[in-house]
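# Survey of secondary and tertiary structure
Below are the chains, spelled out letter by letter.
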Amino acid sequence: MAPAISTLVVAPIDATLGARVTGVDLANLDDAAFAAIYKEFLEYGVLIFPDQNLSDEAQAQFALRFGEIERVSPQQKGATMQVSNQKPDGTVLGEDEFRYKVLRGNEGWHTDSTYMPLASKVAMLAALVVPPEGGETAFADMRAGWAALDESTRQQLEGLSAYHSYYYSQAQAGFKLKTDNAYGLHDKGAPLRPIVKVHPETGRKSLYTGRHAYGIPGLSAEASEQLLQDSLTHACQAPRTYTHQWAVGDVVVWDNRCVMHRACPYDTRQARVLRGSRIAGDHASELAPTFADEHAEAFEPSESNVTKVMTEMDAKA
Ligand code: OGA
Ligand code: MN
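Residues numbered from 1 in each chain as written. Chains lettered and ligands numbered in written order. Predicted model: local features only at pLDDT ≥ 70, side-chain atom pairs only at ≥ 80, totals over all residues.

### So, the sheet that holds strand β14 (residues 259–263)
One open sheet holds the three strands; their spatial order is β12-β6-β14, and the pairing between them is antiparallel. Edge positions in the sheet fall to β12 (241–244) and β14, since each has one partner strand and no second. Neighbour to neighbour, the strand axes of the sheet diverge by 20° on average, direction disregarded. (Pairing = 2+ DSSP bridges. Helix = DSSP H or I, 4+ residues; strand = E, 2+ residues; numbered from the N terminus. Axes fitted to C-alpha atoms, helices over the stretch in contact; angles between N-to-C directions.)

### Let's talk about unusual backbone geometry
The residue after Ala 238, namely Pro 239, is reached through a cis peptide bond having omega 5°. Inspection of the secondary structure assignment puts Pro 239 in the loop between α7 (221–235) and β12. Phi at Ser 113 takes a positive value of approximately 65°, unusual for a residue other than glycine. Residue placement: Ser 113 occurs in the loop between α3 (98–105) and β5 (120–129).

### Side note on the environment of Val 306
Along the chain, Val 306 turns up in the loop between β16 (290–291) and α9 (308–316). Sequence spacing of Val 306 and Ser 73 is 233 residues, and the spatial spacing of their C-alpha atoms is 9.3 Å.

### Re the site of ligand 1
Taken together, Val 83, Asn 106, Asp 112, Ala 123, Thr 137, His 261, Ala 263, Leu 274 and Gly 276 form the complete shell of residues around ligand 1. When the residues that make up the shell around ligand 1 are grouped by side-chain class, the tally is four nonpolar, four polar and one charged. (Near = placed C-beta within 6 Å. Nonpolar A, V, L, I, M, F, W, Y, C, P; charged D, E, K, R; others polar.)

### Some remarks on the pairing of strand β3 (residues 46–49)
The alternating pattern of β3 places Val 46 and Ile 48 and Leu 47 and Phe 49 on opposite faces, both of which are buried. Here two bridges tie strand β2 (residues 19–22) to β3, and the two strands are oriented parallel to one another. Opposite Arg 20, over in β3, you have Ile 48 as the bridge partner. Once you follow β2 into helix α1 (residues 31–44) and on to β3, the crossover reads as right-handed. Direction of pairing for β3 relative to strand β13 (residues 251–255): antiparallel, over a ladder of four bridges. Across the sheet, the residue bridging to Ile 48 is Val 252, located in β13. (Buried ≥ 20, exposed ≤ 12 C-beta atoms within 10 Å, placed from the backbone. Right-handed = clockwise from strand over helix to strand, strands pointing away.)

Fair warning: the whole summary comes from geometry, so function is off the table for now.
Right under this line is the structure:
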């Protein structure tokens with residue numbers, strides 16, 4: 001058999017980011033094939049692998065090649081988790097359920113885990129069940145987004161930082177939530193992150209804000225919200241966006257350090273089941289200092305994303 005690398009076909013999407021990659025079986029990758037994929041990943045920011053139909057274990061092995069796994073719920077044991085509105089009994093989540101609010105919140109542009117001390121660097125999703133209409137995932141190139149801002153906005157933003165909070169973003173989405181120390185709704189404080197991110201591997205600058213970002217120090221809450229909102233809206237426009245329409249078996253991987261994403265609406269009475277893996281950021285580039293979050297009920301600063309509920313559940317197991 002010829003090495004997988006010789007058949008890799010990379011077809012750029014008609015946008016500033018994204019490529020479709022075929023001619024490779026992600027369940028049977030050797031180091032050389034992964035190195036070739038990783039090079040394209042840094043270039044395109046989003047890679048789409050149609051028709052992979054990975055098993056849970058194969059996805060785990062692929063995800064682990066990108067780095068350490070970030071555990072996003074106390075229930076998560078391995079390298080994968082469900083991004084799904086379907087419950088174990090086959091019914092779909094109701095509007096009052098916490099997970100429903102998580103999924104609806106995902107419909108705002110964001111980069112993953114910026115509200116945790118250590119933000120994520122890479123994430124992937126695989127499609128298991130797709131609704132008949134809608135439910136796409138959209139991606140926005142924040143390198144091109146940064147470049148597309150006018151000179152005066154860039155000058156205004158350069159050197160500024162913003163706090164990131166899941167309490168804040170969920171409240172903006174209409175869901176006021178209390179501290180539970182499971183994940184996201186923690187007492188570790190709100191990370192303060194520079195608005196312009198320099199990619200640790202490519203050195204390219206991007207706009208690094210999204211729906212979790214608020215409260216730029218030195219600006220009023222209103223001025224801050226306006227600036228964050230306006231710059232994000234301007235950045236997330238064609239030709240800097242790609243909306244992926246899922247087919248069962250697709251795998252999509254993106255670079256959280258320079259790409260934002262959001263889920264698109266669908267009829268939530270229909271099942272939508274994706275299998276995700278989130279890869280932890282690197283301490284040198286994705287760890288941020290945290291400060292008391294006025295939305296949280298307590299403040300116990302920490303550099304670890306591991307939550308109290310995770311530790312408690314692990315102790316019981
Ligand atoms: C996520 C996410 C988007 C989607 O899992 O982090 O934002 O389309 N998902 O489900
Ligand atoms: Mn996400």
